[in-house]
Structure formats: C-alpha cells, structure tokens
Amino acid sequence: MAEFDIAALGPGEPYRILSSLVVPRPIAWVVTRDVETGTVNVAPFSFFNLVGSDPMTVVLGVSPAKRSGEPKDTGRNLSQIGAGFVVHLVDEAHADAMNRTASELPAHESEAHAADLALAETIKVSPVPRIASAPAALECRVAEIARVGNNRIVLGEVVYVHLRDELWDAEKKHVRTEDAHLIGRLHGSLYVRTSDRFALDRPR
Ligand SMILES: Cc1cc2nc3c(=O)[nH]c(=O)nc-3n(C[C@H](O)[C@H](O)[C@H](O)COP(=O)(O)O)c2cc1C
C-alpha cells in the first residue's frame with residue numbers, strides 16, 4: 001500500500017492526493033452579496049455537501065485566495081451568523097458558466113456580469129439574488145462558522161428551495177433527479193455526469 005503521513009508531505013500534496021480520492025463531489029454554485037457595496041458574488045465550491053436534515057444543513061469549505069492568501073469574497077460575505085446565501089446545483093448545461101465564475105475577480109466586480117448570468121429575486125434571503133436559469137436554488141442562512149487552520153467551514157441552514165417545474169413530480173411528491181443532469185467534480189478540471197446509475201436493495 002502507498003502510505004502518506006500528511007504532516008510529512010510537501011505543500012499542495014495533501015490536496016492533490018485527497019481531492020483525487022474523495023470523488024465525485026457535488027458542486028455548490030454559491031451566490032453571496034457584499035453588504036457594504038451590494039456587489040453580487042458568484043463562485044463554485046466542491047468542498048460542499050448536505051450534512052444534516054433537522055434542520056436541513058449544508059456545508060461549504062472556503063480556502064484562502066491562491067494569489068493573495070486573503071479570504072475569498074464568498075468567505076468574507078459569509079462571515080456573519082445569519083448572512084443569507086444561495087446554493088445552486090449545477091447541471092451539464094451550466095457547466096461552462098459555473099467554470100467561468102471561478103475566476104478570482106476583484107471584490108467590486110461581479111462574476112454574475114462576467115458570466116452573463118440573469119439573476120432573480122429570492123424569498124427569504126433577499127436582497128441576495130439567485131441565478132434564474134439554475135435547475136435548483138437553495139436559499140440558506142449561515143448557522144455556524146468554524147475555522148480549521150486556513151479553512152473556513154461554513155454551515156448553512158436551508159430555508160427555501162426553488163426547483164425548476166419539470167423537475168418536480170407533484171403527484172408522487174418527488175424530485176425527478178434523473179432529469180436534472182447534475183454534474184459533480186472529480187479532480188482539477190475533470191467532472192462527472194450523474195447519468196450512470198444503478199440500484200441496490202437495502203438489507204432488512
Ligand atoms: C468546480 C470548482 C470547485 C471549487 N471548489 C472550491 C472549494 O470547495 N473551496 C474553495 O475555496 N475554492 C473552490 N474553488 C475555487 C473558487 O471557486 C475560486 O477561488 C473562486 O474564484 C472564489 O471566488 P470568490 O473569491 O469570488 O469567493 C472551486 C473552483 C471550481 C471550478
């Protein structure tokens with residue numbers, strides 16, 4: 001077995017090894033808003049998951065910006081408990097736009113304009129907007145912020161969900177996940193589709 005003592009690895013190596021192993025990761029396409037300037041910020045995060053159901057809770061892992069070492073705009077905009085933000089799920093049709101919003105623009109420039117994204121109003125976290133065309137948008141409020149070394153870990157409570165009409169089967173009351181064509185992240189610039197599925201019956 002290849003073995004790695006994390007403490008003995010060089011800079012960047014733990015990230016390269018572990019982000020290639022813990023895959024695929026879902027992608028949170030996150031909209032936040034700078035309360036002072038009103039600038040709308042959009043960025044993808046694959047250190048993301050749904051981590052609790054009562055209440056529905058998501059987690060985001062925000063690292064410092066590579067170039068400056070300063071907190072990323074998303075981290076800064078989510079530094080207060082109660083701050084509103086919106087997590088969008090990413091489908092194949094939005095992969096390119098999502099990728100474009102990963103550029104580290106100066107704080108006063110909005111990735112929403114840069115990626116030509118139309119915004120829509122939210123219900124519970126206004127004036128933070130949502131991306132109008134995304135298949136699903138989860139309105140969230142910051143519930144807890146933990147700092148582990150340089151990582152800022154944001155826990156958010158989901159307070160409102162927008163789902164494209166055709167993805168909701170109102171009769172059966174279920175999400176048509178198979179029609180959403182969501183993508184996940186492997187490592188680096190590699191992604192996966194969610195179209196290759198199989199079922200397993202749970203043991204009793
Ligand atoms: C698919 C994808 C996933 C990413 N996941 C993360 C992540 O989990 N944590 C992080 O700090 N940066 C992540 N990044 C990089 C950020 O999106 C990037 O640094 C972005 O510019 C941050 O924007 P902001 O400064 O406007 O918040 C990811 C980039 C891509 C393309």
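In this report, the structure presented in the accompanying data block is examined. All of these numbers come straight from a predicted model, not from anything done at the bench.

**Remarks on the overall build of the protein**
Line of reasoning, step 1. For the protein, the count of helices and strands is four helices and 14 strands.
Line of reasoning, step 2. Rg of the C-alpha trace for the protein: 18 Å, near the compact-globule value of 17 Å for 204 residues, within the 12% margin.
Line of reasoning, step 3. Dimensions of the protein, computed from C-alpha atoms along their principal axes, come out at roughly 55 × 50 × 35 Å.
Line of reasoning, step 4. Counting all 204 residues of the protein, 37% fall into the buried class.
Line of reasoning, step 5. Across the protein, contacts joining residues at least 24 apart in sequence account for 59% of those joining residues at least 6 apart.
Line of reasoning, step 6. Distance from the positive charge centre (22 side chains) to the negative charge centre (27 side chains) of the protein: 1 Å.

**Focus: the side chain of Ser110**
Line of reasoning, step 1. Here Ser110 is to be found in the loop between helix 3 (95-100) and helix 4 (111-114).
Line of reasoning, step 2. Here Ser110 falls in the buried class, since its relative accessible area comes to 11%.
Line of reasoning, step 3. When neighbours within four sequence positions are excluded, Ser110 is seen to be in contact with Thr39, Val40 and Leu105.

**Remarks on the pairing of strand 9 (residues 136-148)**
Line of reasoning, step 1. Looking at chain direction, strand 6 (residues 84-89) and strand 9 are connected through six bridges and run antiparallel. Residue pairing for strand 9: Phe85 is matched across the bridge by Cys140.
Line of reasoning, step 2. Strand direction decides the pairing type here: strand 9 and strand 10 (residues 151-163), joined by 12 bridges, are antiparallel. Paired with Val148 across the bridge in strand 10 is Asn151.

**Section: the site of the ligand**
Line of reasoning, step 1. Close to the ligand lie 20 residues; Asn41, Pro44, Phe47, Lys72 and Thr74 are nearest.
Line of reasoning, step 2. Ala102 has a polar backbone atom sitting 2.9 Å from an oxygen atom of the ligand.
Line of reasoning, step 3. In isolation the ligand exposes 650 Å². Once the protein is present, 92% of that is buried.
Line of reasoning, step 4. Put simply, the parts of the chain that give the shell around the ligand at least two residues each are strand 3 (40-45), strand 5 (56-62), helix 2 (73-77) and helix 3.
Line of reasoning, step 5. It is strand 3 that provides the largest number of residues to the shell around the ligand, a total of four residues.
Line of reasoning, step 6. Within the shell around the ligand, the residues separate by chemical class into eight nonpolar, seven polar and five charged.

**Some thoughts on the pattern of salt bridges**
Two side chains carrying opposite charge are able to pair once their charged atoms lie near each other.
Line of reasoning, step 1. Throughout the structure, instances matching the rule amount to six salt bridges.
Line of reasoning, step 2. Residue Asp73 is joined to Arg76 by a salt bridge in which the shortest nitrogen-to-oxygen separation is 2.7 Å. Here the residue Asp73 and the residue Arg76 both occupy positions in helix 2, the gap between them amounting to three residues, near one helical turn.
Line of reasoning, step 3. Put simply, Asp34, Asp73 and Arg76 are held in one network by salt bridges that share partners.

Rules used throughout
Residues numbered from 1 in each chain as written. Predicted model: local features only at pLDDT ≥ 70, side-chain atom pairs only at ≥ 80, totals over all residues. Heavy atoms only, no water. Helix = DSSP H or I, 4+ residues; strand = E, 2+ residues; numbered from the N terminus. Rg over C-alpha atoms; globule rule 2.2 N^0.38 Å. Buried < 20%, exposed > 50% of the residue type's maximum accessible area, 1.4 Å probe, protein only. Contact = heavy atoms within 4.5 Å. Lys, Arg positive; Asp, Glu negative; His and termini not counted. Charge placed at Lys NZ, Arg CZ, Asp CG, Glu CD. Pairing = 2+ DSSP bridges. Near = heavy atom within 4 Å. Polar contact = N/O pair within 3.5 Å; in protein donor to acceptor, adjacent residues only side chain to side chain. Areas by Shrake-Rupley, 256 points an atom, 1.4 Å probe, with all protein chains shown as cover. Nonpolar A, V, L, I, M, F, W, Y, C, P; charged D, E, K, R; others polar. Salt bridge = Lys/Arg side-chain N within 4 Å of Asp/Glu carboxyl O.

Fair warning: the whole summary comes from geometry, so function is off the table for now.
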